Amino acid sequence: MSIAVVLLLSACNGDKKAEPAPTPEVEAPIEQPAEETQENTSSPYHAPLTGLPLEASLTQRPLAVMINNAPAARPQSGLGQADMVYEVLAEGGITRLIGIFQSQSGIEKIGPIRSIRPYLINLGESYGGVLVHAGGSPEAYTIIQQQRKQDMDEIGNAGAYFWRANDRKAPHNLYSSDEKLREGAAKLNYGNDVQVPQYTFYPETIAASGDGAEGTEPVEGVSGEPAEKVEIKFLLDSYVVDYQYDGSSNTYKRSVNGSPHVDLNDNVQLEAANVIVLGADHKVLDDVGRLAVNVEAGGEAMLFQRGEVITGQWARAAGDAIRFVKDGKEVPLVPGTTYFNIVPNAPSFESHVTISNP
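The chain is annotated in an unreviewed UniProt entry as DUF3048 domain-containing protein of Paenibacillus vortex V453.

On the secondary structure map, H352 appears in the loop between β25 (338-344) and β26 (353-356). Engagement of the side chain of H352 in a polar contact is seen with the backbone oxygen of F234, the distance being 3.5 Å. Reaching out from H352, the side chain makes a polar contact with the backbone oxygen of P344 at a distance of 3.2 Å.

Attention now moves to the environment of P358. With respect to the helices, strands and loops of the structure, P358 is situated in the segment after β26. Sequence-distant contacts of P358, defined by excluding residues within four places in its chain, comprise E228, K229 and Q244.

What follows covers the layout of surface pockets. There is about 470 Å³ of room inside the largest pocket. Going through the elements one at a time, α5 (204-207), β16 (268-269) and β17 (271-272) are the ones with two or more residues in the lining of the largest pocket.

With that out of the way, let us pick up the packing of aromatic side chains. Under the definition given, this model contains six aromatic pairs. Pairing Y243 with Y339 gives two aromatic rings, centres 6.0 Å apart and planes at 65 degrees, and the pair type is edge-to-face. Taken together, the positions of Y243 in strand β12 (residues 240-246) and Y339 in strand β25 put the pair 96 residues apart, joining distant regions of the chain. Take Y243: its relative accessible area is 0%, and that puts it in the buried class. According to the relative accessible area criterion, Y339 is buried, its value standing at 2%. Ring plane angle 55 degrees and centroid distance 5.2 Å describe the contact between Y245 and Y252, whose orientation is recorded as tilted. What links up through ring pairs into an aromatic cluster is the set Y86, Y127, Y199 and F340. Its end group placed over the ring of Y239, R74 keeps NZ or CZ at 5.1 Å from the ring centre. Between the NZ or CZ atom of R323 and the centre of the ring of Y199, over which it lies, the distance is 4.7 Å.

Before going further, it helps to examine the pattern of salt bridges. Within the structure shown, the criterion is met by ten salt bridges. Among the salt bridges present, the one from E330 reaches R323, with a minimum N-O distance of 3.0 Å. For the pair formed by E330 and R323, the shared burial category is buried. Because the salt bridges share partners, they merge into one network encompassing D246, K253 and E271.

Quick look at the environment of R254 now. Tracing the sequence through the fold places R254 in strand β13 (residues 251-256). On the basis of relative accessible area, R254 is assigned to the buried category, the value being 0%. Residues R254 and V230 lie 24 residues apart in sequence; the distance between their C-alpha atoms is 9.8 Å. Not counting residues up to four positions away in its chain, the partners in contact with R254 are E87, L97, V241, D242, Y243, P260, H261, Q269, L270, Y339 and N341.

What follows is about the nonpolar core. Ranked by internal contacts, the top residues of the largest apolar core, which has 90 residues, are V65, Y127, Y199, F304, F340 and I342. If near-sequence neighbours (up to four positions away) are discounted, F304 is found in contact with A227, V230, Y252, A273, N274, V275, V277, V309, V353 and I355.

Here we come to the pairing of β13. β13 sits mainly inside the fold: five of its six residues count as buried. Relative to β13, β12 runs antiparallel, the two sharing six bridges. For V241, the partnering residue across the bridge sits in β13 and is V256. A loop of four residues connects β12 with β13, the two strands running antiparallel in sequence, and N250 in this loop sits at a positive phi of about 60 degrees. Inspection of the sheet shows β13 paired to β17 by two bridges, in the antiparallel sense.

Moving on, we come to the side chain of E91. When you line up the elements, E91 lands in the loop between β4 (84-89) and β5 (95-101). Accessibility expressed as a relative area gives 18% for E91, which makes it buried. When residues no more than four places from it in sequence are discounted, the contact partners of E91 are R117, V288, G289 and R290.

A separate point is helix α4 (residues 178-187). Note: α-helices contain 3.6 residues per turn, so residues at a spacing of three or four share the same orientation. Those residues of α4 lying buried are D178, L181, R182, G184 and A185. Along the axis of α4, the buried positions cluster into a sector of 160 degrees, meaning they face one direction only. Away from its buried face by more than 90 degrees, α4 exposes E179, A186 and K187. On its buried face, α4 is in contact with β3 (63-68), β5, β6 (130-133) and β7 (151-153). In the stretch just after α4, N189 is the one whose phi turns positive, near 65 degrees.

About the criteria used
- Residues numbered from 1 in each chain as written.
- Predicted model: local features only at pLDDT ≥ 70, side-chain atom pairs only at ≥ 80, totals over all residues.
- Heavy atoms only, no water.
- Helix = DSSP H or I, 4+ residues; strand = E, 2+ residues; numbered from the N terminus.
- Polar contact = N/O pair within 3.5 Å; in protein donor to acceptor, adjacent residues only side chain to side chain.
- Contact = heavy atoms within 4.5 Å.
- 1 Å grid on protein atoms, 1.4 Å probe; cavity = no way out; pocket = protein on both sides within 12 Å on 5 of 7 lines; lining within 4 Å.
- Points joined across faces, edges and corners; volume = space filled by probe spheres on them.
- Phe/Tyr/Trp six-rings, centres within 6.5 Å; stacked < 30°, edge-to-face > 60°.
- Buried < 20%, exposed > 50% of the residue type's maximum accessible area, 1.4 Å probe, protein only.
- Lys NZ or Arg CZ within 6 Å of the ring centre and 35° of its normal.
- Salt bridge = Lys/Arg side-chain N within 4 Å of Asp/Glu carboxyl O.
- Core = buried A, V, L, I, M, F, W, Y, C linked by side-chain atoms within 4.5 Å.
- Pairing = 2+ DSSP bridges.
- Arc of directions from axis to C-beta.

Rendered as structure tokens:
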């Protein structure tokens, strides 16, 4: 029986819950790459989550925004200005997005914003982010209340910093902006004194070379295979994502169900300098179909960048964010946005990923 059938049956009629066999944990800490690959040299300041140059040091705290990904919520607004984006299953086979916003400002519309789950709390806080959501599961609310998480909840402590759009029906019409969210976070006395992970990036001159030319491999022993396109099926046929490599921009263009996935703010197709697909154990918790997703243990992963795929693992040290490693070493990212796609380990990690070279 496929995982789609198992999860949907469990959600509908209370059958025995799916419990995929646990995957081996990946050891951490992770060895850093060689010193010459860790920083770009064209500017003294770089965004810690994108590696892109900045005019001044970045001190503002990330916002971790829970974004609705139901078909009625697409196209979303603001994702094109996120530093990092996570896509992960929620109940019923749908997926939810987490946009991590830090280095860009003036984002006039972000959303639609939706509810939170325990593993979404975990991922958002791994970047030191203020958790932005509208409602949540009972387990998520218990964690937020008992552990006094720094969150902004539209139906709780921060309703004044959200608005409903008139061109969509609820619950697919809730939005905010980075200005309003930062204003609300300040009003709630949420400070900026948090630990934001620093990723390792290729120097800009190397990252811009996407043709496999000699001298473009900054980590000894790490090489990729051609990967012009990757298709990811999370669970349902209506949630198939693909990323098509564009050599002119050195990015992967994102589509959903065969159509370009655009940002409604500017109608530009979403793109990623790095696409990471990682496998995690998923467990159905109740008859509603709520999930537990293990976002800490590590496991199989693929990194797509510069038209190639590197097969390795994902690892996460205590107090840190998810990182892609190969043979125990963190592999640098290409400067730009990174998309993390978390798929179930069952029936197998590979069954969710199709790579092609048209």
